[in-house]
Amino acid sequence: VQLQACGGGLVQAGGSLRLSCAASGRFFSINLMGWYRQAPGKQRELVATITSGGNTNSADSVKGRFTISRDNAKNTVYLQMNSLKPEDSAVYFCVAALKSTHIDYWGKGTELTVFS
């Protein structure tokens with residue numbers, strides 16, 4: 001499974017951006033897709049995940065600002081990020097779990113920089 005993320009970039013604090021990630025390869029279905037992030041000098045952390053049934057989980061730090069969604073037919077997950085803060089700056093990694101919630105695959109990451 002290959003995960004191709006795009007949508008990162010440079011944005012001013014308070015702005016919005018949408019990340020997307022498309023999965024390709026040989027698989028029947030993907031149970032869970034989502035996003036993790038890693039800022040310089042910090043550990044990688046969960047941002048948000050979503051199951052094929054639409055159940056979501058997100059970090060407290062992004063609740064109310066970020067929305068995760070997916071298109072199962074396109075094997076694509078989206079992360080709509082609003083009210084961005086400088087502390088949201090990080091490399092965002094797309095992830096996928098085929099059958100359980102244990103992450104099987106990681107994308108290469110797309111970088112987001114939020115400036116004030």
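Here's what I pulled together on the structure shown here. (Residues numbered from 1 in each chain as written. Predicted model: local features only at pLDDT ≥ 70, side-chain atom pairs only at ≥ 80, totals over all residues. Heavy atoms only, no water.)

## Here's the deal with the packing of aromatic side chains
Stage number 1. Within the structure shown, the criterion is met by two aromatic pairs.
Stage number 2. Here Phe 93 and Trp 106 contribute two aromatic rings whose centre-to-centre distance is 6.4 Å and whose plane-to-plane angle is 75°, an arrangement assigned as edge-to-face. With Phe 93 in strand β9 (residues 90-97) and Trp 106 in strand β10 (residues 105-106), the pair connects residues that are 13 residues apart, well separated along the chain.
Stage number 3. With a relative accessible area of 10%, Phe 93 lands in the buried category.
Stage number 4. Pairwise contacts between aromatic rings join Tyr 36, Phe 93 and Trp 106 into one cluster.
Stage number 5. Here the basic side chain of Arg 44 rests over the ring of Phe 93, its NZ or CZ set 4.0 Å away from the ring centre.
Stage number 6. Positioned above the aromatic ring of Trp 106, the side-chain terminus of Arg 44 is 4.7 Å from the ring centre. (Phe/Tyr/Trp six-rings, centres within 6.5 Å; stacked < 30°, edge-to-face > 60°. Helix = DSSP H or I, 4+ residues; strand = E, 2+ residues; numbered from the N terminus. Buried < 20%, exposed > 50% of the residue type's maximum accessible area, 1.4 Å probe, protein only. Lys NZ or Arg CZ within 6 Å of the ring centre and 35° of its normal.)

## Quick look at the state of the cysteines
Stage number 1. Going through the model one piece at a time under the given rule, you end up with one disulfide.
Stage number 2. Through a disulfide, Cys 21 is tied to Cys 94; the S-S separation comes to 2.0 Å. Residues Cys 21 and Cys 94 share a disulfide whose torsion about the S-S bond is about -90°; that sign makes it left-handed. Taken together, the residues span a long stretch of sequence, with Cys 21 in strand β3 (residues 17-24) and Cys 94 in strand β9 at a distance of 73 residues.
Stage number 3. Judged by its relative accessible area of 0%, Cys 94 is buried.
Stage number 4. Of all cysteine sulfurs in the structure, the one in Cys 21 sits closest to Cys 6, which takes part in no disulfide; the separation is 8.3 Å.
Stage number 5. Using a relative accessible area of 41% as the deciding quantity, one classes Cys 6 as partly exposed. (Disulfide = S-S within 2.5 Å.)

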